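Understanding the architecture of this molecule
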Amino acid sequence: MTTENILRRHDLRRTSNRTAILDVFVAQEVALSEREIEEAMSQTCDRVTIYRTLNSFLERGVIHRVLDDSGVMKYALCAADCAHHEAHYHDHVHFKCRMCGQTTCIEQVQIPKVILPEGFALEEVNMLLQGVCPECRG
Ligand SMILES: [Zn+2]
Ligand SMILES: [Zn+2]
Ligand SMILES: [Zn+2]
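Before going into details, it helps to say that this report is about the structure given with it. Here the residue numbers are simple positions, counted from 1 along each chain's written sequence. Each chain takes a letter, starting from A, and each ligand takes a number, starting from 1, following the order in which they are written. Per-residue local features are limited, in this predicted model, to residues with pLDDT of at least 70; the limit for side-chain atom pairs, both in listing and counting, is 80 or more; totals at the level of whole chains, interfaces and linings are taken over all residues. Think of the side-chain values as coming from all heavy atoms in the structure, minus any hydrogens and water.

1. Section: the coordination of the zinc ion (ligand 3)
To be explicit about the condition: For Na, K and Ca the donor cut-off is 3.2 Å, while for other metals it is 2.8 Å, and in both cases only N, O and S atoms qualify; water is not among them, so sites may look incomplete. Put simply, DSSP H or I for four residues or longer makes a helix, DSSP E for two residues or longer makes a strand, and each gets a number counted from the N terminus.
Protein coordination of the zinc ion (ligand 3) is provided by His64 (NE2), His92 (NE2), His94 (NE2) and Cys105 (SG), with donor distances spanning 2.0 to 2.2 Å. One chain supplies every donor for the zinc ion (ligand 3), spaced along it as H-x27-H-x1-H-x10-C. Taken together, the residues His94 in strand S4 (residues 92–97) and Cys105 in strand S5 (residues 103–110) connect sequence positions eleven residues apart.

Take a look at the structure:
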């Protein structure tokens, strides 16, 4: 999927910052922290702009948050068929490689449906699997 398609699909106007940030996600298929995004961008962009852009992407369902054990918030592109019902709900797992430290979305593996007791409203589900990725095992 191209950056242009993603912006169009989410009704987002094309700005150079949005394009540059999305280009980074499209090029790298792993979850990225704000710092990694900043470093990989083709143009310089201040932190506040990156932060705001990421938040608008989150709200629109362009990207989702990925929690791993690094203590830093990471983000990954949403799949084309990502279901954003009331909240940013994802049912795939994330895999963190202990050797390269990269976290990947594993869309093929789904988190079993979680049924909460009466009164709880589910907003976000995260499941982290850890081990060694195919490249590091190589
Ligand atoms: Zn999503
Ligand atoms: Zn690895
Ligand atoms: Zn993911």
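Now that the structure has been shown, we can carry on.
2. A closer look at a nonpolar patch on the surface
We count it as follows: Each patch groups residues whose relative accessible area exceeds 30% and which form no salt bridge, using 9 Å between like charges and 5 Å between nonpolar side chains of Val, Leu, Ile, Met, Phe, Trp and Tyr. Surface accessibility follows the Shrake-Rupley procedure with a 1.4 Å probe radius. Residue values consider only the protein chains on display as shielding. Definition used for salt bridges: Asp or Glu carboxyl oxygen within 4 Å of a side-chain nitrogen of Lys or Arg.
A cluster of nonpolar side chains, Val114, Leu116, Phe120 and Leu122, forms an exposed patch at the surface whose accessible area comes to about 350 Å². The residue Phe120 is located in the loop between S5 and strand S6 (128–131) in this model.

3. Things to note about the coordination of the zinc ion (ligand 2)
Worth spelling out the cut-off: Here a site with four donors is tetrahedral if all angles are between 85 and 135 degrees, and a site with four or six donors is square planar or octahedral if opposite donors are over 155 degrees apart and the other angles are between 65 and 115; anything else gets the irregular label. For the exposure calls, accessible area comes from a 1.4 Å probe over protein chains only, and a residue counts as buried if that area is under 20% of its type's maximum, exposed if over 50%, partly exposed in between.
Taken together, Cys97 (SG), Cys100 (SG), Cys133 (SG) and Cys136 (SG) make up the full set of protein donors to the zinc ion (ligand 2), lying 2.3 Å away. With four donor atoms in place around the zinc ion (ligand 2) and angles of 102 to 119 degrees between them, the coordination shape is tetrahedral. All donor residues of the zinc ion (ligand 2) come from one chain, and their arrangement in sequence is C-x2-C-x32-C-x2-C. Among the residues examined, Cys133 registers a relative accessible area of 13% and is labelled buried. Take Cys136: its relative accessible area is 29%, and that puts it in the partly exposed class.

4. Side note on the pattern of salt bridges
The final tally for this structure, using the stated rule, is six salt bridges. In this structure, Glu4 engages Arg8 in a salt bridge whose closest nitrogen and oxygen atoms are separated by 3.2 Å. Here the residue Glu4 and the residue Arg8 both occupy positions in helix H1 (residues 3–9), the gap between them amounting to four residues, near one helical turn. Owing to a relative accessible area of 39%, Glu4 belongs among the partly exposed residues under this scheme. Measuring nitrogen to oxygen at the nearest pair gives 3.0 Å for the salt bridge that ties Asp68 to Lys74. Judged by its relative accessible area of 7%, Lys74 falls in the buried class. In this structure, a network of salt bridges that share partners links the residues Glu4, Arg8 and Arg14.

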